[in-house]
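# Working through the structure, step by step
Listed here are the chains, written in short residue letters.
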Amino acid sequence: MVCNNQWAISVSREAQTATHTIAQKAIAAGFSGEQVDGNDVIAIWQRTTEALKNARENNVPHLIEMICYRQHDHTTADDASRYEPKNKREEEWKKEPIARLRKYLESIGAWTEQQQVELDAECATEVDKAVQEYLTAEPQPLESMFDYLYAELPEAYAAQRDMLKNVEKIVHG
């Protein structure tokens, strides 16, 4: 799957490749590809489910290019307003996937405002709980940043890990 948000920081997709779509690139690799509306949760689910089934049962790859929009700057150093068309973000927010799905579910009577209020409250409680767990968690030793990267730490990093362990001893006694 490719989440094509139309940009690589400040470079448009059109400037990155001569192909009309990213999905076309699957052809060069010898398999099929397609574009899907990346703001349509139901379409993504349906196409992904079918592609996974085909991959598992027939060992056939398939590239799904989800056309969407990056609703925020790429990084804190990025300012999309310098290169995006004026009012683009405002227009794209109208297609935002969660709101779009909610509107659809409400239109078919599968979701109500009361359910949304309850879900919002449940999510807020869960986020608050996670924040509190984070704020009260014991700080990890500096050298632990190496502990979950590799099944076996490469020798090249062993000295760096040991150095951090020694710094930890100096700082915290």
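Look up: the structure comes first, before these words.
## What to know about the sheet that holds strand β5 (residues 62-67)
- Strand order in the open sheet formed by three strands is β1-β5-β4, and the pairing between neighbours is parallel. At either margin of the open sheet sits one strand with a lone partner, and together these are β1 (2-4) and β4 (32-37). Looking at each pair of strands side by side, their axes are set apart by 25° on average, direction ignored.
- Two strands pair when backbone bridges link them, and β1 and β5 are joined in this way by three bridges, in the parallel orientation. Along β5, the bridge assignment pairs Asn 4 with Ile 67.
- Sheet strands in contact with helix α3 (residues 41-58) are β4 and β5, and its direction is about 170° off that of β5.

## Here we look at the pairing of β5
- In the sheet, β4 pairs with β5 via six bridges, with the strands oriented parallel. Across the sheet, the residue bridging to Glu 34 is Ile 64, located in β5.
- Where the polypeptide runs from β4 across α3 and back to β5, its parallel neighbour, the crossover connection is right-handed.

## Digging into the side chain of Ser 144
- Its location among the elements puts Ser 144 in the loop between α6 (113-136) and α7 (155-172).
- Separated by 2.7 Å, the side chain of Ser 144 and the backbone oxygen of Pro 141 make a polar contact.

## Thoughts on the environment of Val 36
- As for its position among the elements, Val 36 is in strand β4.
- Residue classification places Val 36 among the buried residues on the basis of a relative accessible area of 7%.
- Separated by 76 residues in sequence, Val 36 and Thr 112 place their C-alpha atoms 28 Å apart.

## Quick word on the nonpolar core
- Counting residues in hydrophobic clusters, the biggest one holds five residues: Val 36, Ile 44, Ala 51, Ile 64 and Met 66.
- For this core, the elements supplying multiple residues, two or more each, are α3 and β5.

## Description of unusual backbone geometry
- At Gln 6, a residue that is not glycine, the phi angle is positive and equals roughly 80°.
- One can find Gln 6 in the loop between β1 and β2 (7-8).
- Take Gln 6: its relative accessible area is 22%, and that puts it in the partly exposed class.
- The backbone phi angle of Asn 87 is positive, close to 70°, even though this residue is not glycine.

## Section: the environment of Glu 90
- Among the structural elements, Glu 90 can be located in helix α4 (residues 88-93).
- Residue classification places Glu 90 among the exposed positions, given a relative accessible area of 54%.

About the criteria used
Residues numbered from 1 in each chain as written. Predicted model: local features only at pLDDT ≥ 70, side-chain atom pairs only at ≥ 80, totals over all residues. Heavy atoms only, no water. Pairing = 2+ DSSP bridges. Helix = DSSP H or I, 4+ residues; strand = E, 2+ residues; numbered from the N terminus. Axes fitted to C-alpha atoms, helices over the stretch in contact; angles between N-to-C directions. Contact = heavy atoms within 4.5 Å. Right-handed = clockwise from strand over helix to strand, strands pointing away. Polar contact = N/O pair within 3.5 Å; in protein donor to acceptor, adjacent residues only side chain to side chain. Buried < 20%, exposed > 50% of the residue type's maximum accessible area, 1.4 Å probe, protein only. Core = buried A, V, L, I, M, F, W, Y, C linked by side-chain atoms within 4.5 Å.

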